[in-house]
Amino acid sequence: MRRLDTRGAIAFVDAAGPASCPIDRAELLARFHAREGDGPLLSGAAAFAAMWRAIPLLRPIGLAARNRHVLGLLERLYRRFLRLRPRLQRWLARQEAQA
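In short, a report on the structure. (Residues numbered from 1 in each chain as written. Predicted model: local features only at pLDDT ≥ 70, side-chain atom pairs only at ≥ 80, totals over all residues. Heavy atoms only, no water.)

### Comments concerning helix H4 (residues 68–98)
Thought 1: A rise of 1.5 Å per residue sets the reference length of H4, with its 31 residues, at 45 Å; its end C-alpha atoms lie 43 Å apart and thus fit the reference within 8%.
Thought 2: In the structure, H4 departs most strongly from a straight axis at Leu 84, where the bend amounts to approximately 45° and where the proline Pro 86 lies between one and four residues downstream.
Thought 3: Turning to H4, its buried residues number three or more, namely Leu 74, Glu 75, Tyr 78 and Leu 82.
Thought 4: Where H4 begins, one side-chain oxygen reaches toward the backbone nitrogen of His 69, 2.7 Å away; that side chain belongs to Asn 67. (Helix = DSSP H or I, 4+ residues; strand = E, 2+ residues; numbered from the N terminus. Expected span 1.5 Å × (residues − 1). Bend = angle between axes of the 7 residues up to and from the residue. Buried < 20%, exposed > 50% of the residue type's maximum accessible area, 1.4 Å probe, protein only. Polar contact = N/O pair within 3.5 Å; in protein donor to acceptor, adjacent residues only side chain to side chain.)

### Details of the pattern of salt bridges
Side-chain pairs of opposite charge can arise where the charged atoms are in close proximity.
Thought 1: Scanning the model with the defined rule gives four salt bridges in all.
Thought 2: The salt bridge partner of Arg 31 is Glu 75, with a shortest N-O separation of 2.9 Å. Separated by 44 residues along the polypeptide, Arg 31 in the loop between helix H1 (25–30) and strand E1 (33–35) and Glu 75 in helix H4 bring together distant segments of the chain.
Thought 3: In this structure, the salt-bridge partner of Glu 36 is Arg 53, at a minimum N-O distance of 2.7 Å. Taken together, the positions of Glu 36 in the loop between E1 and strand E2 (41–43) and Arg 53 in helix H2 (residues 45–53) put the pair 17 residues apart, joining distant regions of the chain.
Thought 4: Judged by its relative accessible area of 33%, Glu 36 falls in the partly exposed class.
Thought 5: Taken together, the shared-partner salt bridges connect Arg 31, Glu 75 and Arg 79 into one network. (Salt bridge = Lys/Arg side-chain N within 4 Å of Asp/Glu carboxyl O.)

### Some details on the environment of Ala 64
Thought 1: Looking at the element boundaries, Ala 64 is found in helix H3 (residues 59–64).
Thought 2: Residue Ala 64 is classed as partly exposed on the basis of its relative accessible area, which comes to 34%.
Thought 3: Sequence-wise, Ala 64 and Arg 53 are eleven residues apart; in three dimensions their C-alpha atoms are separated by 9.5 Å.

### A look at the side chain of His 33
Thought 1: Note on placement: His 33 falls in strand E1.
Thought 2: Polar side-chain contacts of His 33 include one of 2.8 Å to the backbone oxygen of Arg 31.
Thought 3: Apart from residues lying up to four places away in sequence, His 33 is in contact with Ile 23, Glu 27, Leu 28, Leu 41, Leu 42, Ser 43 and Ala 47. (Contact = heavy atoms within 4.5 Å.)

Okay, here's the thing in structure tokens:
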């Protein structure tokens, strides 16, 4: 995503860093979080949609996610991804170890 953010519109913050955050670190690491402007802290698909709206190439998807039905579908897909994420992380770690 950093490479797609050619305008530098997104401030990426490392969740492992010492920065103070209004939510528990475990919750922070369990789901993707973002804040759009001065708005509320978003998580999951809503956070991805906010990030996509800041990236010109992905902006149409982010705008479509303002529709509650589209956002609901994206959230269901995100929750499925979260169940697969541990296996994907292990697989990527093995691939990197073999390289």
